[in-house]
Amino acid sequence: MKETETIDEYAGNISAMISKFGSAGAILEDEELVRKLLDTVPERFINLVASIEQSCDMESMPFEEEIGHLKAYEDRLRLRKAKKQQDQEVNLAAGEEEPTLLLTVCGEKNSEVVLLNEEKVYPSQLKESNEENIWYLDNGGSNHMTGCKALFAELDEKVTGQVRFGDGSKVPIKGKSVLLFDCKNGDQFVIPDVYYILALHSNIISLGQMTEEGYDIGMKKEFLRMYDEAECLIMKVQRSKNRLYKINLIPGKPAIDDPTHASTKWQCGEAQSNNSGDDSIIAQGHETTRSILG
C-alpha cells in the first residue's frame, strides 16, 4: 500500500486481486487476506495493527471487518489532523506517534487496549538495584510504571496492551491502578495511573506525569526537588554517580476499601533518598525543614 493511498483504494486493489485469483480457480481465505492487509499498511497504522494482533482472533476475523477497523482509524487520524491545523493544538495527526495512545478495538465492553511508546526509557539502565522499594525519577518517561505486582492493593487487569522502550523491546501491559505510600504521621502519598509491566525489573516515576498532576520539578546542582501546588517540598533527591535520581518509597495499605477513591494529592509522605545527605522528616511548609519524600 502506498502512503498516498486510502484504505478504500487499497481494498479495491485487493478485491481486484481476489477476482483474478478466483478466475484462475484459486480461493483466498479471509485469514490470509487479513494478514496480508495488516502486513502491508503504512507505518501510520502500526498502533492499530499491534492492538488488533494482540486482542483479536486473526483466524476468524472477516476481511470486511478488518477493512472497517482500518477505515475507522483512518477517519480518526484525518479528523485529528484537521483539528490540529484549525486550532494549532498538539493532537494525534497522521504519521505521528503519541507517547500514549488508547485504543479499544475488541474484547470486553469496559476493557482498554493501551499502546505506550516510551522511546526515551531504557530499562537496562535501571537495574543497578534489586530493591523493590527503589523508584527512579525519570525525566524521559511519559508514564508511571512498575514491574512489582505486590505494590498494588487493587489492580485493574482489564487495562492491557503493549509498551515499546527505547531499546526496541516490546513488552505487555498487565494492568493499571494507583499506588499508596505510607507517611510518618499515618497519612498516605498517592501516585495515580501506574502501569503494571510484568517484564520491567524496576519502578519508574514519570516526572512529566507528576507535573501534569500539579507538582513542580526543579533540578539544581546535584539535587532534584519536587514541590506541590502549595509550594511545600515533597522530595529532595541527590543525583547518583551514574546521573540517576532514585528514592526509597515505603508501600502502604489503603485506609479505605477502594484505593481508587483516595485523593490524588499527597497528604504527607515517608520516603528516604537512596543517597546520603538528607534524612526524611515531615515538613511543615517550605524548605525550612527537610523534604517529605527524600
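If you're wondering where the values come from, they're calculated on a predicted model, not measured in any experiment.

**Q** Explain helix H2 (residues 30–40) to me, please; I cannot follow it from the model alone.
**A** Side chains of residues three or four places apart in an α-helix project in the same direction, reflecting 3.6 residues per turn. The complete set of buried residues in H2 reads Leu33, Val34, Leu37 and Leu38. Taken down its axis, H2 places every buried residue within 130° of arc, on the same side.

**Q** Please explain the packing of aromatic side chains as it appears in this structure.
**A** How two aromatic rings sit relative to each other is given by the distance of their centres and the angle of their planes. A full pass over the atoms with the stated rule returns 4 aromatic pairs. Between the aromatic rings of phenylalanine 152 and tyrosine 196, the centroid separation amounts to 6.1 Å while the plane-to-plane angle is 65°, which identifies the pairing as edge-to-face. Placement of the pair is phenylalanine 152 in the loop between strand S4 (144–146) and strand S5 (159–165) and tyrosine 196 in strand S8 (residues 188–196), with a sequence separation of 44 residues. Accessibility classification places phenylalanine 152 together with tyrosine 196 in one group, the buried group. Between the NZ or CZ atom of lysine 236 and the centre of the ring of phenylalanine 223, over which it lies, the distance is 4.6 Å.

**Q** Is there a simple way to explain the nonpolar core in this structure?
**A** Note that soluble globular proteins tend to have their nonpolar side chains buried in a common cluster. Among the nonpolar cores identified, the biggest contains 24 residues, and Trp135 and Leu137 are the most heavily contacted of them. If you list the elements that add at least two residues to this core, you get strand S3 (134–138), strand S7 (175–182), S8, helix H5 (207–212), strand S11 (223–227), strand S12 (233–238) and strand S13 (246–249). Top contributing element to this core by residue count: S8, with 4 residues. Judged by nonpolar contacts, the second largest core, of 22 residues, contains Leu28, Leu48, Phe63 and Tyr73.

**Q** Where do I start with the environment of proline 251 in this structure?
**A** Assignment of secondary structure puts proline 251 in the loop between S13 and strand S14 (271–273). Taking relative accessible area as the criterion, proline 251 reaches 29% and is therefore assigned partly exposed. As a C-alpha pair, proline 251 and glutamate 132 span 119 residues in sequence and 9.8 Å in three-dimensional space. Residues in contact with proline 251, not counting those within four places in the same chain, are Asn133, Leu151, Leu180, Phe181 and Asp182.

**Q** Where do I start with the pattern of salt bridges in this structure?
**A** If the charged atoms of two oppositely charged side chains come close together, the side chains can form a pair. Under the criterion given, the structure shown has 5 salt bridges. Here aspartate 8 ties to lysine 71 by a salt bridge, and the two come within 3.1 Å at their closest N and O atoms. Separated by 63 residues along the polypeptide, aspartate 8 in helix H1 (residues 7–23) and lysine 71 in helix H4 (residues 63–87) bring together distant segments of the chain. A salt bridge links aspartate 75 to arginine 78; its shortest N-O distance comes to 2.8 Å. Taken as a pair, aspartate 75 and arginine 78 lie in helix H4 at a separation of 3 residues, close to a single helical turn. A single network of salt bridges, built from pairs that share partners, joins Glu74, Asp75 and Arg78.

About the cut-offs
Residues numbered from 1 in each chain as written. Predicted model: local features only at pLDDT ≥ 70, side-chain atom pairs only at ≥ 80, totals over all residues. Heavy atoms only, no water. Buried < 20%, exposed > 50% of the residue type's maximum accessible area, 1.4 Å probe, protein only. Helix = DSSP H or I, 4+ residues; strand = E, 2+ residues; numbered from the N terminus. Arc of directions from axis to C-beta. Phe/Tyr/Trp six-rings, centres within 6.5 Å; stacked < 30°, edge-to-face > 60°. Lys NZ or Arg CZ within 6 Å of the ring centre and 35° of its normal. Core = buried A, V, L, I, M, F, W, Y, C linked by side-chain atoms within 4.5 Å. Contact = heavy atoms within 4.5 Å. Salt bridge = Lys/Arg side-chain N within 4 Å of Asp/Glu carboxyl O.

Just geometry here; none of it tells us what the structure is for.
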